[in-house]
Amino acid sequence: MPVVTVTERLLVPEQRVWDLVCDLESYPKLMESVVSIGIVSETPQPDGTVDTIADWEIVLKGSILKWRERDHRDPAARRVTYSQVSGDMERFQGHWQVTRVTDEITQAELVVDFEIGIEMLRPMLEPVAVRAVHRNSTEMLRSLGPRAE
């Protein structure tokens, strides 16, 4: 049950990073590993949060992974939690967190908690998958803006 956490400090104001994190349909243009994202539904809630169902397709270590995920976007907390509804992994869930550091520096965090469904292959595949998920997650965060040193 690996959990991959990637954090980047970006030289971009918090609101801009948050807007990009929430704009799922822009990911294929911004992020090399994302092949496509199709929004199935988007439902604003009375408390200001938004629930979204989206179909994802990414390239991970040369393989195409597909899944449907449910996202819960909380603008007040600047947090998106997600979980796989169906797809290629046994479990795939986590969150994006956007945090203001200064007016021009924002910390973005992506947490991916996953489990490969084929128990027999797990010991062999998980270390490779952890490295690939870490690399993809880093690429996704860095695509949101230039890194702050």
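Residues numbered from 1 in each chain as written. Predicted model: local features only at pLDDT ≥ 70, side-chain atom pairs only at ≥ 80, totals over all residues. Heavy atoms only, no water.

In this section: the overall build of the chain. For the chain, the count of helices and strands is 3 helices and 7 strands. The linear arrangement of helices and strands in the chain, starting from the amino end, is β-α-α-β-β-β-β-β-β-α. The C-alpha radius of gyration of the chain comes to 15 Å, within 12% of the 15 Å expected for a compact globule of 149 residues. Its C-alpha atoms give the chain principal-axis dimensions of roughly 50 × 40 × 25 Å. The proportion of buried residues among the 149 residues of the chain is 45%. Pairs at least 24 apart in sequence give 50% of the contacts found in the chain among residues at least 6 apart. Working note: accessible area of the chain is about 8000 Å², and carbon and sulfur atoms make up 52% of it. (Helix = DSSP H or I, 4+ residues; strand = E, 2+ residues; numbered from the N terminus. Rg over C-alpha atoms; globule rule 2.2 N^0.38 Å. Buried < 20%, exposed > 50% of the residue type's maximum accessible area, 1.4 Å probe, protein only. Contact = heavy atoms within 4.5 Å. Areas by Shrake-Rupley, 256 points an atom, 1.4 Å probe, with all protein chains shown as cover.)

For the rest of this paragraph, the subject is the pairing of strand S1 (residues 3-10). The alternating pattern of S1 places Val 4, Val 6, Glu 8 and Leu 10 on a buried face, while none of Val 3, Thr 5, Thr 7 and Arg 9, on the opposite face, is buried. With 8 bridges connecting them, S1 and strand S7 (residues 106-115) associate as antiparallel partners. What sits directly across from Glu 8, in S7, is Ala 108. (Pairing = 2+ DSSP bridges.)

Another aspect to go through is the pattern of salt bridges. Going through the model one piece at a time under the given rule, you end up with 8 salt bridges. In this structure, Arg 142 and Glu 8 form a salt bridge, with 3.1 Å as the shortest nitrogen-oxygen distance. Taken together, the positions of Arg 142 in helix H3 (residues 122-142) and Glu 8 in strand S1 put the pair 134 residues apart, joining distant regions of the chain. Of the charged contacts, one joins Arg 91 and Glu 115 as a salt bridge, the two residues approaching to 2.7 Å between their closest N and O atoms. Residue Arg 91 is found in strand S6 (residues 91-100), and its partner Glu 115 is found in strand S7; the two are separated by 24 residues along the sequence. (Salt bridge = Lys/Arg side-chain N within 4 Å of Asp/Glu carboxyl O.)

Further remarks concern the nonpolar core. Core analysis: the biggest nonpolar cluster contains 37 residues, and Tyr 27, Trp 56, Trp 96, Phe 114 and Leu 144 have the highest contact counts within it. Not counting chain neighbours up to four residues away, the residues in contact with Trp 96 comprise Val 21, Tyr 27, Met 31, Arg 78, Arg 79, Val 80, Tyr 82, Glu 109, Leu 110, Met 140, Leu 141 and Leu 144. (Core = buried A, V, L, I, M, F, W, Y, C linked by side-chain atoms within 4.5 Å.)

Looking now at the environment of Val 80. With respect to the helices and strands, Val 80 occurs in strand S5 (residues 79-87). In this structure, Val 80 is in contact with Trp 18, Val 21, Asp 71, His 72, Arg 73, Gly 94, His 95 and Trp 96, ignoring residues within four places of it in sequence.

As summarised here, the arrangement of the 7 strands in space is S1-S7-S6-S5-S4-S3-S2, forming an open sheet in which the pairing is antiparallel. One side of each edge strand has no neighbouring strand; the edge strands of this open sheet are S1 and strand S2 (34-44). When strand polarity is set aside, the average angle formed by the axes of neighbouring strands in this sheet is 20 degrees. Both S6 and S7 contribute to a ladder of 10 bridges, which runs antiparallel. What sits directly across from Gln 97, in S7, is Glu 109. Where helix H1 (residues 14-22) meets the sheet, it contacts S1, strand S4 (63-74), S5, S6 and S7, and its direction lies at approximately 160 degrees from that of S6. (Axes fitted to C-alpha atoms, helices over the stretch in contact; angles between N-to-C directions.)

From the geometry alone we can't say anything about function, so treat these as descriptive.
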